[in-house]
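These are the residues of each chain, in order.
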Amino acid sequence: MAKLEKLKMYIGGKWCDAASGEWFETFNPFTGKPWALVARGGAEDANRAVAAAKTAFHSPEWRGLTATQRGHLLRKLGDLIADNAQHLAEIEVKDNGKLIAEMALQLKYAPQWYYYYGGLADKIEGKVLPIDKAQHFAYTVHEPLGVVVAIIPWNSPLLLTAWKLAPALAAGNTVVIKPSEFTPASTLEFVKLIEKAGIPKGVVNVVTGFGAEAGEPLVTHPDVAKVAFTGGVKSGTHVYQKAAATLKKVSLELGGKSPNIVFDDADIDNAVKGAISGIFAATGQTCIAGSRLLVQKRIHNRFVDRLVEFAKTAKMGNPMSMETQVGPVTTMPQYKKILGYLDVAKGEGAKCVLGGAKATRPECGSGWFVEPTIFTGVDNAMRIAQEEVFGPVLSVIPFKDDDEAIEIANDVLYGLAAGVWTTSIRRAIEIPKRLQAGTVWVNTYRAVSYMAPFGGYKRSGLGRESGQDAIQEYMQTKTVWVSTATEVPNPFVMR
Ligand code: NAD
Ligand code: MN
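Residues numbered from 1 in each chain as written. Chains lettered and ligands numbered in written order. Predicted model: local features only at pLDDT ≥ 70, side-chain atom pairs only at ≥ 80, totals over all residues. Heavy atoms only, no water.

1. Quick word on the overall build of the protein
Step number 1: When its secondary structure is counted, the protein shows 16 helices and 21 strands.
Step number 2: Along the longest, intermediate and shortest principal axes, the C-alpha atoms of the protein span 80 × 65 × 40 Å.
Step number 3: The buried share among the 495 residues of the protein stands at 56%.
Step number 4: The long-range fraction of contacts in the protein, counting pairs at least 24 apart against all pairs at least 6 apart in sequence, stands at 73%.
Step number 5: For the protein, the exposed surface amounts to about 21000 Å²; the carbon and sulfur share of it is 55%.
Step number 6: A gap of 1 Å separates the mean positions of the 55 positive and 49 negative side-chain charges of the protein. (Helix = DSSP H or I, 4+ residues; strand = E, 2+ residues; numbered from the N terminus. Buried < 20%, exposed > 50% of the residue type's maximum accessible area, 1.4 Å probe, protein only. Contact = heavy atoms within 4.5 Å. Areas by Shrake-Rupley, 256 points an atom, 1.4 Å probe, with all protein chains shown as cover. Lys, Arg positive; Asp, Glu negative; His and termini not counted. Charge placed at Lys NZ, Arg CZ, Asp CG, Glu CD.)

2. Quick notes on the coordination of the manganese ion (ligand 2)
Step number 1: For the manganese ion (ligand 2), the protein coordination sphere consists of Thr-26 (OG1), Phe-27 (O), Asp-95 (O), Asp-95 (OD) and Phe-182 (O), at 2.3 to 2.8 Å.
Step number 2: The sequence pattern formed by the donor residues of the manganese ion (ligand 2) is T-F-x67-D-x86-F. Placement of the pair is Asp-95 in helix H4 (residues 85–96) and Phe-182 in the loop between strand S9 (174–178) and helix H8 (185–196), with a sequence separation of 87 residues.
Step number 3: Given a relative accessible area of 0%, Asp-95 falls into the buried group.
Step number 4: Accessibility expressed as a relative area gives 30% for Phe-182, which makes it partly exposed. (Donors = N, O, S within 2.8 Å, 3.2 Å for Na, K, Ca; no water.)

3. Concerning the site of ligand 1
Step number 1: As a structural note, the neighbourhood of ligand 1 is formed by 29 residues, with Lys-178, Glu-181, Ser-235, Leu-254 and Glu-388 the closest of them.
Step number 2: A distance of 2.8 Å separates an oxygen atom of ligand 1 from a polar backbone atom of Ile-152.
Step number 3: Separating an oxygen atom of ligand 1 from a side-chain N or O atom of Lys-178 is a distance of 2.7 Å.
Step number 4: Expressed as a share of its isolated accessible area of 850 Å², the protein-covered part of ligand 1 is 89%.
Step number 5: Only helix H9 (211–219), strand S11 (224–230) and helix H10 (233–244) provide two or more residues apiece to the shell around ligand 1.
Step number 6: The element that contributes the greatest number of residues to the shell around ligand 1 is H9, accounting for 4 residues.
Step number 7: Taken together, the residues of the shell around ligand 1 sort by class into 14 nonpolar, 10 polar and 5 charged.
Step number 8: Two domains each provide a minimum of three residues to the shell around ligand 1, namely domain 1 (5–253) and domain 2 (259–442). (Near = heavy atom within 4 Å. Polar contact = N/O pair within 3.5 Å; in protein donor to acceptor, adjacent residues only side chain to side chain. Nonpolar A, V, L, I, M, F, W, Y, C, P; charged D, E, K, R; others polar. Domains from an automatic or database assignment.)

As structure tokens, then:
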């Protein structure tokens, strides 16, 4: 076998091996084979990265910049991402199995986060307080936190990095990124652009490796002020507890089991498309997957027929082909987990009306493919309806009326997103009020924007990303009191 390419970590502006000298393999999900070796970071590397970020935070090269200058750097970075979109997309397809068609669009859009927060950088204003004490002047300023750790999952590495990095840098912090052990390559390629943009060394660092080995020492490090985490509920909860020991600020973007609700007055063609994009986009590996399709009984059978008909047309195969519509699963453990859930669903008595197995189509080769799968007759209490599968597996759940739809929709631990399909103005306005979800889409699904706050209710997370307010997740407020009295009063005399 040809010698595998070696991908190093990026700390303090230098490319380095892990302190241990160890490497791990990263796989191409379409071939099922390793294609590169990645530095296997540990505590020593994490410590070095935090030290570099801390030094950069206090350096005149970074601290001395005005907010306007930081904004310029972020806009430059956005332009560089756009210029390199195709190249970055191809690396992501190789390492992650994401469709080139999706990645090309995603990387054209990702720069918007850098433009938006670049623009916001010099518009963060404090207040002069109309303070109630005579001869006092009081005002607030918003300051950066210091070193921010960004922990990223494998499903959309560069986009989810942008959601954290752009506001963190706009606010004046420095950052250590810990990409997923399954998809570190695109991040390492992306940070080359940081240097090109003219962002000082040490302001952005990357530590590669596994969660427990490379991620946890960052989360527990006393010099880290904030952890911005996206990933599963289990690791997110663990990270939250670990970060508590040093009272770090923590934001968590976790999983979902989002209901996509089709009422009997919906435009059926549109709702079918919404249901399909809700679950089969990115092979179902999205936190916002509309994995529970709630369909009103009166239209249930008709709707399912149309849905299956449409889902059958999905072209699977090489993610590098612009023709491919459903790609491989990104990781081997995830592949096994999804196949396990197919058995769970069948064992629980759900009826499989499409797929239900690994894909053996010739165009799938030796890749990790699961057939687009639809289960009907799902009861919301079943594991297939309660647990995040993170794959192309849809559970269809019938409901009688508005009240029952709401009851089923909210009866999960998660609360990330929800979809509503209706032509009734009453439902379009009343149903979102009753849904426990951080995002509700009416007659659309999956829309996200740098302008729109995004995050979870309930077990789907803490904090919000995107939008103007999200920059405050990376800042702290200082109140300054100035006495204008000519004489300080005698402290022993109470007045
Ligand atoms: P994961 O929780 O297994 O891993 C996420 C990251 O955390 C990885 O970089 C991993 O190395 C790191 N990590 C794991 N244990 C750690 C520890 N003890 N200390 C520090 N870091 C640790 O998640 P995943 O499988 O990579 O991603 C899929 C999950 O992410 C799904 O649950 C999905 O819903 C969620 N997700 C949420 C959003 C959102 O915005 N809400 C977006 C995308 C994905
Ligand atoms: Mn990989």
